[in-house]
Amino acid sequence: MKTKLLPFALSFMALTAYAQQKAGTFSITPKVGFTISEFTGNSISASLICSVTPPSSVSPEQYFYKRVGEDYFDHSHKVGLVIGAEGEYQITGMFGLSLGVFYAQEGANYKGEGFTSRDGIKVNVDNLKVNLDCITVPILANVYVWKGLALKTGIQPEFVVGKKAKGDVTIEYDIPSYNETTFEKPNVKSFSLSIPIGVSYEFKNVVADLRYSFGITNIRSEKHFFQNSHSGSAYNRVLSFTLGYKFQ
């Protein structure tokens, strides 16, 4: 039995040795790439529609069902830019800690076939876009498992430094229809937390990195009446891919 296990043990030791980085070293890796992002649910878009006030006595409550935040809009992914840098300290041959600072474009796109309220008021949404400019600060543990291959996870504070929304919302009621193409700022908090999970591969100092970050804090602001009268939370979901060059 020991004889049979010996080749496996030697292979594992060789693989581990090959996977290790040099302990006690520090590196900086500038990176650039793209993000594919969305929000869970539809409460962000619904709160935006609630901000549309036609020039009449019609209130948002009159043209929304109670479940509008969940049912009426299809959300699709938004593609954006990500650029920044990460510094990593190699604690042991296989384990390192990294801290990064990135500018990332995030948000979501929405469209829907519309709906008719109890009072016969029709609402239609076409290409509603929520655009966020974010500063993300990933704090990661990196485990080098094979050659230049690393698995990583940690926590990521995110700061929204710019936010805007645009699109077409048409509301039809007993007088000529009302169309809105500009909105107040989207109902999004300026700070959130995410957990990134990723994998990277390094070859001759070139690092390819793929990560998926899922939000763990509700990003929907509570400043709108919609928050109190309707249920629904929203969380970030971001897939990112970057290429970088490691300087040691």
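Structure first, text after, so check above.
Residues numbered from 1 in each chain as written. Predicted model: local features only at pLDDT ≥ 70, side-chain atom pairs only at ≥ 80, totals over all residues. Heavy atoms only, no water.

Asks: Teacher, can you tell me more about the overall build of the protein chain here?
Replies: In terms of helices and strands, the protein chain carries four helices and twelve strands. Within the protein chain, contacts between residues separated by at least 24 positions form 73% of all contacts whose residues are at least 6 apart in sequence. (Helix = DSSP H or I, 4+ residues; strand = E, 2+ residues; numbered from the N terminus. Contact = heavy atoms within 4.5 Å.)

Asks: I'm lost on the nonpolar core in this one. Help?
Replies: Where a protein is soluble and globular, its nonpolar side chains tend to be buried together. Counting 20 residues, the largest nonpolar core has Phe39, Ile44, Tyr110, Leu128, Val130 and Leu132 as the members making the most contacts within it. Among the elements of the structure, α2 (43-50), β4 (95-111), β6 (122-136) and β8 (149-172) are those that each provide at least two residues to this core. (Core = buried A, V, L, I, M, F, W, Y, C linked by side-chain atoms within 4.5 Å. Buried < 20%, exposed > 50% of the residue type's maximum accessible area, 1.4 Å probe, protein only.)

Asks: Please clarify how the environment of Val143 should be interpreted in this entry.
Replies: Looking at the secondary structure, you find Val143 in strand β7 (residues 139-146). According to the relative accessible area criterion, Val143 is partly exposed, its value standing at 32%. Along the primary structure Val143 and Val199 are separated by 56 residues, whereas in three dimensions their C-alpha atoms are 9.5 Å apart. Ignoring sequence-local partners within four residues, the contact set of Val143 consists of Met94, Phe95, Leu149, Ala150 and Leu151.

Asks: Sorry, what's going on with the packing of aromatic side chains here?
Replies: Two aromatic rings, taken as a pair, are described by how far apart their centres are and by the angle between their planes. Counted by the stated rule, this structure contains three aromatic pairs. Plain terms: the ring middles of Phe34 and Phe241 are 6.1 Å apart, the flat faces sit at 45° to each other, and that makes the pair tilted. Of this pair, Phe34 sits in strand β1 (residues 26-39) while Phe241 sits in strand β12 (residues 236-245); the two residues are 207 residues apart in sequence, bridging distant segments of the chain. Arranged with centres 5.2 Å apart and planes meeting at 50°, the rings of Phe159 and Phe191 form a pair that is tilted. In this pair, Phe159 sits in strand β8 while Phe191 sits in strand β10 (residues 191-203), placing the two residues 32 residues apart along the sequence. Classification of Phe159 as partly exposed rests on a relative accessible area of 36%. Judged by relative accessible area, which is 41%, Phe191 ranks as partly exposed. (Phe/Tyr/Trp six-rings, centres within 6.5 Å; stacked < 30°, edge-to-face > 60°.)

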